[in-house]
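# Architecture at a glance
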Amino acid sequence: MNSSETVPEPAGVSDPGDRPATPQPLYWSVRRELWENRSIYVAPILVAIVVLFGFLVSTIGLPERRREVLLLDPAQARAAIEAPYDMAAIMLILTAFIVGVFYCLDALYGERRDRSILFWKSLPVSDSTTLLSKATIPLVVLPLVTFVIVVATQLVMMLWTSLLLISHGMSPASTWTYVPLFRNSFILLYGLAAIALWHAPIYGWALLISGWARRATFLWAILPFFAIAFFEKITFGTSHFASMLKDRLMGFAPTAFAFKMHSVDSPQLTPAAYLSSPGLWLGLMVAVVFIAVAIRLRRYRGPL
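Our subject in this report is the structure included herewith. Here the structure is a predicted model, which is why all the values come from computation and not from measurement. (Residues numbered from 1 in each chain as written. Predicted model: local features only at pLDDT ≥ 70, side-chain atom pairs only at ≥ 80, totals over all residues. Heavy atoms only, no water.)

On to helix α1 (residues 25-36), then. Its 12 residues place the ends of α1 16 Å apart at the C-alpha level, agreeing with the 16 Å of an ideal helix rising 1.5 Å per residue. Listed as buried for α1 are S29, V30, R32 and E33. Along α1, the residues classed as buried sweep out an arc of 155° about the axis, all on the same side. (Helix = DSSP H or I, 4+ residues; strand = E, 2+ residues; numbered from the N terminus. Expected span 1.5 Å × (residues − 1). Buried < 20%, exposed > 50% of the residue type's maximum accessible area, 1.4 Å probe, protein only. Arc of directions from axis to C-beta.)

Following this line, the structure appears as structure tokens:
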């Protein structure tokens, strides 16, 4: 027998150097959410298209207005030039928040309603992984999608403005000077992360209601808060609970940023103050509790 001949490996025995692919249940669960919920990225894109259309209409007569704006002091000029870009970002951030809330309200309720929960529970994916993947959408995926769409929208706006000014014999430098895209993009990414973490208990509450309610998830999500605020007002004449709700919606700004009045500079980022804010960590702890309850609800709740 020729010793140089190779002996074939027995069937079913793999090469020791070949390692099977490591399962990534969380990654594929997030991918599944994106496949099944196209509104996560379709809704912001549609809003961006509407914003761009409105901006294109508003640029009629822009060169004449720009000449007048440049005669103002730097602070007023910057505010006037930057206003459309800030408005576009605000509209898309608000859209992302609305999409995130309604996504969470339907995340568990939808699979119980269409009885697909029986199929998903048959897969080797734990309830914890499923809930974490659903929480990842408003906390991570939506902010990143919003960031990309906002930057792309503002870039298109700036390029169109530059072409319009050049066609009228004006320099586009004023646009690129007062709207620094790179610096604004960094501030936007920081702001989206701050907003997502601050709103974490809102998304956690929506997921809990989605796993508990048998119908009308939106009403079940908001009516208890209106009832408590109304009861406090008519009983004690105070509005502490309503103030707490307002702070949970918009209270991130005073801690995440330091705004300078009548200044041409961008708002100063204050991550240390934000990360040391008791409101942030209290909200995150409440969000963890809500998600833990939602995990338990999904474990024992069947289809509707």
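Quick look at the packing of aromatic side chains now. Overall, the coordinates contain 12 aromatic pairs when judged by the stated rule. Ring geometry for W212 and W220: centres 5.0 Å apart, planes at 90°, overall edge-to-face. According to the relative accessible area criterion, W212 is partly exposed, its value standing at 35%. By relative accessible area, W220 is classed as partly exposed at 42%. For the pair F231 and F236, a centre-to-centre distance of 6.5 Å together with 85° between the ring planes defines the contact as edge-to-face. By relative accessible area, F236 is classed as exposed at 59%. These aromatic residues form a ring-pair network of at least three members: W205, F225, F241 and F290. The side chain of R248 reaches across the aromatic face of W198, ending 4.5 Å from its centre. (Phe/Tyr/Trp six-rings, centres within 6.5 Å; stacked < 30°, edge-to-face > 60°. Lys NZ or Arg CZ within 6 Å of the ring centre and 35° of its normal.)

This structure, assessed with the given rule, holds eight salt bridges. D127 is the salt-bridge partner of R298, the closest N and O atoms lying 2.6 Å from each other. With R298 in helix α15 (residues 278-300) and D127 in helix α7 (residues 127-167), the pair connects residues that are 171 residues apart, well separated along the chain. Take R298 and D127: they sit in the same class, and that class is buried. Within the structure, one salt-bridge network assembled from shared partners comprises R32, E33, E36 and K134. (Salt bridge = Lys/Arg side-chain N within 4 Å of Asp/Glu carboxyl O.)

Further remarks concern the packing of helix α4 (residues 74-107) against α7. Here α4 crosses α7 at 155°, and the two axes come no closer than 9 Å. Judged on the interaxial angle alone, α7 and α4 are roughly antiparallel. For the crossing formed where α4 meets α7, the hand is right-handed. Contacts between α4 and α7 involve P84, Y85, A88, A89, L92, I93, A96, V99, G100, Y103, C104 and A107 from the former and K134, I137, P138, L142, T146, I149, V150, T153, Q154, M157, M158 and T161 from the latter. Counted by class, the contact of α4 with α7 contains 18 nonpolar, five polar and one charged residues. (Axes fitted to C-alpha atoms, helices over the stretch in contact; angles between N-to-C directions. Parallel < 35°, antiparallel > 145°, perpendicular 65-115°, else oblique. Left-handed = near helix turned anticlockwise from the far one by under 90°. Contact = heavy atoms within 4.5 Å. Nonpolar A, V, L, I, M, F, W, Y, C, P; charged D, E, K, R; others polar.)

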